[in-house]
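Read off the chains here:
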Amino acid sequence: MSTASDIDAPPGVAAQARLPLYRRLYAQVLCAIVLGVLLGYFKPDLAQQMKPLGDIFIKLIKMMIEPVIFSTLVVGVARMGSMKEVGRVGIKALVYFEVVSGIALLLGLVVGNLCQPGAGIHIDLSSVDASAVKGIASQKPTSAVDFIMHIVPDSVVGAFAQGATLQVVFFSLLLGLGLSTMGNKVRPLIDLLDLASQSLFRVINLIMLFAPIGAFGAMAYTIGKYGLGTLQQLGLLLVSMYLACLLFIFLVLGCVARCAGFSLWRFLRYIREEILIVFGTSTSESALAPLMSKLETAGCHKSVVGLVVPTGYSFNLDGTSIYLSMAVLFVAQAAHVHLSWHEQLGILALLLLTSKGAAAVTGGGFITLAATLSSIESVPVAGLALLFGVDRFMSEARALTNLIGNGVATVAIARWEGSLDQERLRRELNPTAP
């Protein structure tokens, strides 16, 4: 495991490259994942007892999310000094999220139609035990009005206590805008909040020293509880899901990165520690705060990072979008329900609404899927019972795609907004370049 001396090092690739391999975080996390898989396969009972290691690490990271978002966004918006500028960045981000999420949903439909992952199931859904689905399916999709109302917190303290990210973003924007109108007399307060933000990121660096332990515990529990045999039972669905996510990352996000003037492959190498942590823990929230730190180090302005990343974790869940559209097709195919392209496009339009605000944590996509299917009469909700065993393994693909999608979105929007230090980005993505 990393030592305490690593805390003071910047999180970029350039700093990591000077460390021996065994002290680099990504190498430690990768080894921990392999050990977790081996323990889960050979000693499943013991592996399931490792679950608290992963849970504690995720709780430590989630503990820091709201304070980091608050301090980063307030300082960034206050120093931005213009409500017009904040609104411009927000509108660009929301338009980007809607377009890219729509492409992700469409890609899931295309791959689902081509691979037909549910066509060979041949299961009579009337014989499937759907009791576990009933409680989830009763959660109807939230209306647009309810969703907007939920953004405004009942109290500021409640927003922080409940971990309501969008509510914290909303309050932080208001406070930042308020401070920006008060001139130089509030500069000491802004500087104090900036110092608090830097201190919080130091705490995150300290927590990240335990990432290998957390990844080991989470992966050991997953393999020990569900077993590798689950992968064989619904293998085509898993292959189709990972294929769709890879196509989205390297084709869609690759084009976005090229248009924004940076290499997607080098960016993936830059955030490799966060990618491995998300793969091990199966939740993109475990890397939210470290990703924000990396993006700031890479030259993205603090205000853009503080606004785009947290908002993207509710509005830009590209991996979840792919999963939702593909899972609907899988259940329909398994139930021998033929959906015309007209019906599929109608489902896509519905998913554009219900996918917004889907939780970034493990299982959030499944709940959203159940709520969506409950509104589609032709596709039986009971078919979700077929996904229970394999859903945990697909969560890695969802979380990884969500993480990478939000990282690329932040760099791209910062570039298009003129809030990106391109020289710093070049140095971080090319640490060996002269």
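Residues numbered from 1 in each chain as written. Predicted model: local features only at pLDDT ≥ 70, side-chain atom pairs only at ≥ 80, totals over all residues. Heavy atoms only, no water.

(A) The arrangement of the overall build of the protein in detail. Within the protein, the regular secondary structure consists of 22 helices and zero strands. The buried share among the 434 residues of the protein stands at 57%. Partitioning the contacts of the protein with sequence separation of at least 6, the portion at a separation of at least 24 is 85%. Here the protein has roughly 18400 Å² of accessible surface; of this, 65% comes from carbon and sulfur atoms. (Helix = DSSP H or I, 4+ residues; strand = E, 2+ residues; numbered from the N terminus. Buried < 20%, exposed > 50% of the residue type's maximum accessible area, 1.4 Å probe, protein only. Contact = heavy atoms within 4.5 Å. Areas by Shrake-Rupley, 256 points an atom, 1.4 Å probe, with all protein chains shown as cover.)

(B) Molecular detail of the packing of aromatic side chains. Counted by the stated rule, this structure contains seven aromatic pairs. An angle of 75° between the planes, with centres 5.6 Å apart, marks the rings of Phe-70 and Phe-160 as edge-to-face. In this pair, Phe-70 sits in helix 4 (residues 51-80) while Phe-160 sits in helix 8 (residues 156-162), placing the two residues 90 residues apart along the sequence. Residue classification places Phe-160 among the partly exposed residues on the basis of a relative accessible area of 29%. (Phe/Tyr/Trp six-rings, centres within 6.5 Å; stacked < 30°, edge-to-face > 60°.)

(C) Summary view of the packing of helix 13 (residues 235-260) against helix 18 (residues 318-334). It is at 10 Å that the axes of helix 13 and helix 18 come closest, and there the two elements cross at 145°. Between helix 13 and helix 18 lies a crossing of right-handed hand. From helix 13, Leu-237, Ser-240, Met-241, Ala-244, Cys-245 and Phe-248 reach across to helix 18, where they touch Asp-318, Gly-319, Ile-322, Tyr-323, Met-326 and Phe-330. Residue classes in the contact of helix 13 with helix 18 are distributed as nine nonpolar, two polar and one charged. (Axes fitted to C-alpha atoms, helices over the stretch in contact; angles between N-to-C directions. Left-handed = near helix turned anticlockwise from the far one by under 90°. Nonpolar A, V, L, I, M, F, W, Y, C, P; charged D, E, K, R; others polar.)

(D) Broad picture of a nonpolar patch on the surface. A grouping of Leu-30, Val-34, Leu-35, Leu-38, Tyr-41, Phe-42 and Leu-228 is seen on the molecular surface, where their side chains present a nonpolar patch of about 680 Å² in accessible area. Secondary-structure assignment places Leu-30 in helix 2 (residues 25-42). (Patch = residues over 30% accessible without salt bridge, like charges linked within 9 Å, V, L, I, M, F, W, Y side chains within 5 Å. Salt bridge = Lys/Arg side-chain N within 4 Å of Asp/Glu carboxyl O.)

(E) Structural detail: the packing of helix 16 (residues 288-297) against helix 17 (residues 302-315). Two numbers describe how helix 16 lies on helix 17: the axes approach to 10 Å, and their chain directions differ by 150°. Between helix 16 and helix 17, the crossing angle belongs to the class labelled roughly antiparallel. Between helix 16 and helix 17 lies a crossing whose hand is right-handed. For the pair formed by helix 16 and helix 17, the contact residues are Leu-288, Leu-291, Met-292, Leu-295 and Glu-296 on the first element and Lys-302, Val-305, Gly-306, Val-309 and Tyr-313 on the second. Classifying every residue of the contact of helix 16 with helix 17 gives seven nonpolar, one polar and two charged. (Parallel < 35°, antiparallel > 145°, perpendicular 65-115°, else oblique.)

(F) Here's a closer look at the environment of Val-100. Relative to the helices and strands, Val-100 is located in helix 5 (residues 83-115). Separated by 309 residues in sequence, Val-100 and Ala-409 place their C-alpha atoms 9.4 Å apart.

(G) Expanded view of the side chain of Lys-294. As for its position among the elements, Lys-294 is in helix 16. Of the residues examined, Lys-294 reaches a relative accessible area of 2% and is grouped as buried. Polar side-chain contacts of Lys-294 include one of 3.0 Å to the side chain of Glu-273. (Polar contact = N/O pair within 3.5 Å; in protein donor to acceptor, adjacent residues only side chain to side chain.)

(H) The arrangement of the nonpolar core in detail. Tyr-96, Phe-262, Leu-369, Leu-387 and Val-408 are the most contacted members of the largest nonpolar core, which totals 125 residues. Ala-47, Met-50, Phe-216 and Ala-220 belong to the second largest nonpolar core, which has six residues in total. (Core = buried A, V, L, I, M, F, W, Y, C linked by side-chain atoms within 4.5 Å.)

(I) Structural view of the side chain of Ser-419. Position of Ser-419 relative to the elements: it lies in the loop between helix 21 (388-417) and helix 22 (422-429). Excluding residues that lie within four positions of it along the chain, Ser-419 makes contacts with Gly-299, Cys-300, His-301, Val-304 and Ala-414.

(J) Here's a closer look at the pattern of salt bridges. Tallied over the full model, the rule gives nine salt bridges. Between Arg-88 and Glu-417 there is a salt bridge, and its shortest N-O distance comes to 2.5 Å. Here Arg-88 is found in helix 5, whereas its partner Glu-417 is found in helix 21, with 329 residues between them in sequence. Put simply, Glu-417 and Lys-92 hold a salt bridge, and the shortest N to O gap is 2.9 Å. Residue Glu-417 is located in helix 21, and its partner Lys-92 is located in helix 5; the two are separated by 325 residues in the primary sequence.

(K) The arrangement of unusual backbone geometry in detail. One non-glycine residue with positive phi stands out, namely Gln-116, at about 50°. For Gln-116, a relative accessible area of 32% corresponds to the partly exposed category. One non-glycine residue, Ser-282, adopts positive backbone phi at about 65°. By relative accessible area, Ser-282 is classed as buried at 2%.

(L) Up close: helix 15 (residues 272-281). Within helix 15, nine of the 10 residues are buried, which leaves it mostly tucked inside the rest of the structure. Among the residues of helix 15, Arg-272, Glu-273, Glu-274, Ile-275, Leu-276, Ile-277, Val-278, Gly-280 and Thr-281 are the ones counted as buried. In the segment just after helix 15, Ser-282 is the residue with positive phi, at about 65°.

(M) Highlighting the confidence of the model for the protein. Per-residue confidence for the protein gives a mean pLDDT of 81; residues scoring 70 or more make up 81%. Considering only residues more than four positions removed or in separate chains, one finds that residues 136-141, a stretch of pLDDT under 50, has 15 contacts. (pLDDT = per-residue confidence, 0-100.)

(N) The arrangement of the environment of Val-89 in detail. Within the fold, Val-89 resides in helix 5. Residue classification places Val-89 among the buried positions, given a relative accessible area of 1%. Through-space distance from the C-alpha of Val-89 to that of Trp-416 is 9.5 Å; in sequence the pair is 327 residues apart. Excluding residues within four positions of it along the chain, Val-89 makes contact with Met-80, Leu-307, Val-308, Ile-413 and Glu-417.

(O) Representation of the environment of Leu-105. Looking at where Leu-105 falls in the secondary structure, it is placed in helix 5. Along the backbone, Leu-105 and Leu-352 are 247 residues apart, and their C-alpha atoms lie at a distance of 7.9 Å.

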